[in-house]
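Understanding the architecture of this molecule
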Amino acid sequence: MIAKDKVVSLTYDLHSSENNDEKVFVESAKVEKPFTFLFGTGSLIPQFEGNLAGKKTGDKFEFDIDAANAYGMIDKQAIVEIPVKAFEVDGEVDKKMMEPGTVLPMSDQEGNRMVGRVLSSDDDNVQMDFNHPLAGKNLHFKGEVLSIRDASAEEIDHGHVHDGTHHH
């Protein structure tokens, strides 16, 4: 049964919607490459874990999480104007980098890494959105629990699943 300190593997299809709009496919985890995680570490959306708690291997699930309880609502302060000069490399600006929809890794003045999406640009500024891509969206999950096992002491100590492919 899914509970704290269990390693869970599952499949899912994720769709999102804004308000009452039609659901749009976001991503899926399939049997060949399931989503595997350590339950109860606080690293996932709380309502995601809450909807899975108590499920058993083979159980199917389907649930919605509203935007406010998923990745939050859109924060207008996370949409900012950045001078084009900030995008110069050796005195040149790559205009392709400033096309709407382009996702760019950035750093703030304290060196914190973040990802932003270009909304628009002109000769002087680039408007970027640093909200999570699913901010403001309601989520709909549908899937099946494939397996549940006890986490090892090391996995519990590290707070994540050890599958032999990661390094510390």
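Sequence order as written defines the numbering, with residues in each chain counted from 1. Two thresholds apply to this predicted model, a pLDDT of at least 70 for residue-level local features and 80 or more for giving and counting side-chain atom pairs, whereas whole-chain, interface and lining totals are computed over all residues. The side-chain quantities take in all heavy atoms of the structure and omit both hydrogens and water.

Residues other than glycine seldom take positive phi values, yet Asp 5 does so here, at roughly 65°. Inspection of the secondary structure puts Asp 5 in the segment before β1 (6-17). In the Ramachandran plot, Asp 90 falls in the positive-phi region, its phi being about 55° despite a non-glycine side chain. Residue class for Asp 90 comes out exposed when judged on its relative accessible area of 78%. Labels follow the DSSP assignment, with helices taken as runs of H or I lasting at least four residues and strands as runs of E lasting at least two, numbered in each case from the N terminus. Throughout, exposure labels follow a simple rule: accessible area from a 1.4 Å probe, protein chains only, divided by the maximum for the residue type, with under 20% read as buried, over 50% as exposed, and the rest as partly exposed.

It is worth spelling out the sheet that holds strand β5 (residues 79-83) at this point. Spatial strand order, β5-β10-β9-β8: four strands in an open sheet with antiparallel pairing. The open sheet has two edge strands, β5 and β8 (103-107), and neither has a second partner. For this sheet, the mean angle separating the axes of adjacent strands, direction not counted, is 45°. For two strands to pair, DSSP has to find at least two bridges joining them. Pairing between strand β9 (residues 113-121) and strand β10 (residues 125-129): four bridges, direction antiparallel. In the strand pairing of β10, Ser 121 is matched with Val 126. Simply put, an axis is a line fit to the C-alpha atoms, just over the touching stretch for a helix, and the angle between two N-to-C directions goes from 0 to 180 degrees.

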